[in-house]
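# Per-entry structural report
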Amino acid sequence: MIASLARACTAALVGTACTFVLYCPAHAATSLPLDRAVAALPQAAESRDGYERTEFLHWNSGAQPDDGCDTRNEVLIAEATEPPSVGPDCRLKGGTWTSYYDARQVTSAAAMDVDHMVPLPEAWDSGASQWTAARREAYANDLDDPRSLVAVSATAHRDKADQDPAQWLPSNTKATCRYVIEWTAVKLRWALTADVEERQSLTRLAEACPDATVTYTPAP
């Protein structure tokens, strides 16, 4: 099974441990220190009026529609530290994953979830309610930036639920800067807003990541 080429070429870790760079040049990338990236998030009140999970079509057929794997399984295959075997209808067997939210090693695809870095309800609250159905589908299945969708343990995913960084952070404290960078990058990529409490929390958290840089490419 070949992981999505777009996903594979999108991100690399360079410079410091907190610098992420996008390489697929569909749109020009922008780089900002983390504190300036947080400040660049438009501030607005959130509203969940009208939200339904079905407003975001997922999972779709992914980057390779003919391989039988939906977006969720493509993420699991791409992020496995030891690849699973892929059977008929993209049934995954075996494999190993590292869930960075809680620093757990997981050896069953069934015990993994694919998390939307910015959860669907949060995206709706932050501007996606005004999008077309096609754009919400693109958001919910974004394989062009591997920070948008992340394979984590089902336990960590359910603990996070729909919470933003003012309400929830990974239990793996070593991952805090990474999480703040990725959250900020996804919001900037999709031009999503942040409410007052979220902005305040991100600003405070960024102070503990002084060398961090966020590089993001706006979504088409």
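Below is a short write-up of the structure. Along each chain, numbering runs from 1 in the same order as the chain's sequence is written. Two thresholds apply to this predicted model, a pLDDT of at least 70 for residue-level local features and 80 or more for giving and counting side-chain atom pairs, whereas whole-chain, interface and lining totals are computed over all residues. Hydrogens are left out, water is left out, and the side-chain values use all remaining heavy atoms of the structure.

Another aspect to go through is the pattern of salt bridges. The salt bridge definition used is simple: a Lys or Arg side-chain nitrogen within 4 Å of an Asp or Glu carboxyl oxygen. Per the stated rule, a full pass over the model turns up eleven salt bridges. Between Arg189 and Asp142 there is a salt bridge, with the nearest N and O atoms lying 2.8 Å from each other. Taken together, the positions of Arg189 in helix H7 (residues 176–189) and Asp142 in the loop between helix H5 (133–140) and strand S9 (149–153) put the pair 47 residues apart, joining distant regions of the chain. Under the scheme applied here, a residue whose accessible area is under 20% of the maximum for its type counts as buried, over 50% as exposed, and between as partly exposed, the area being computed with a 1.4 Å probe on protein chains only. Taking relative accessible area as the criterion, Arg189 reaches 6% and is therefore assigned buried. Residues participating in the shared-partner salt-bridge network are Arg48, Asp125 and Asp162. Helix numbers and strand numbers start at the N terminus; a helix is a DSSP run of H or I with at least 4 residues, a strand a run of E with at least 2.

Mapping Ser153 onto the fold places it in strand S9. By the convention used here, residues are in contact when the closest approach between their heavy atoms is within 4.5 Å. Not counting chain neighbours up to four residues away, the residues in contact with Ser153 comprise Ser99, Asp102, Arg104, Val106, Ala111, Met112 and Asp113.

Attention now moves to the packing of aromatic side chains. Pairing of aromatic rings covers Phe, Tyr and Trp, the last through its six-membered ring, and needs centres within 6.5 Å; plane angles under 30 degrees mean stacked, over 60 mean edge-to-face, and all others mean tilted. Within this structure, the stated rule accounts for twelve aromatic pairs. A centroid spacing of 5.5 Å and a plane angle of 85 degrees characterise the contact between Tyr101 and Tyr179, whose relative ring orientation is edge-to-face. One end of the pair, Tyr101, is in the loop between strand S6 (97–99) and strand S7 (104–106); the other, Tyr179, is in helix H7, and 78 residues separate them in sequence. Pairing Tyr179 with Trp183 gives two aromatic rings, centres 6.2 Å apart and planes at 40 degrees, and the pair type is tilted. You can see Tyr179 and its partner Trp183 sitting in helix H7, four residues apart, about one turn around the helix.

Note on disulfides: each one is a pair of cysteine sulfur atoms within 2.5 Å. Under the counting rule described, the total for this entry stands at two disulfides. Here Cys69 pairs with Cys90 through a disulfide, and the sulfurs are 1.9 Å apart. Disulfide Cys69-Cys90: torsion about the S-S bond near 90 degrees, hence right-handed. Here Cys69 is found in the loop between helix H2 (34–39) and helix H3 (71–79), whereas its partner Cys90 is found in the loop between strand S4 (85–86) and strand S5 (92–93), with 21 residues between them in sequence. For the pair Cys69 and Cys90, one class covers both residues: buried. Residue Cys177 pairs covalently with Cys209 via a disulfide, S to S 2.0 Å. Across the disulfide from Cys177 to Cys209, rotation about the S-S bond amounts to roughly -95 degrees, and the bridge is consequently left-handed. With Cys177 in helix H7 and Cys209 in the loop between helix H8 (196–206) and strand S10 (213–216), this pair connects stretches of sequence that are 32 residues apart. With relative accessibility at 5%, the residue Cys209 sits in the buried group.

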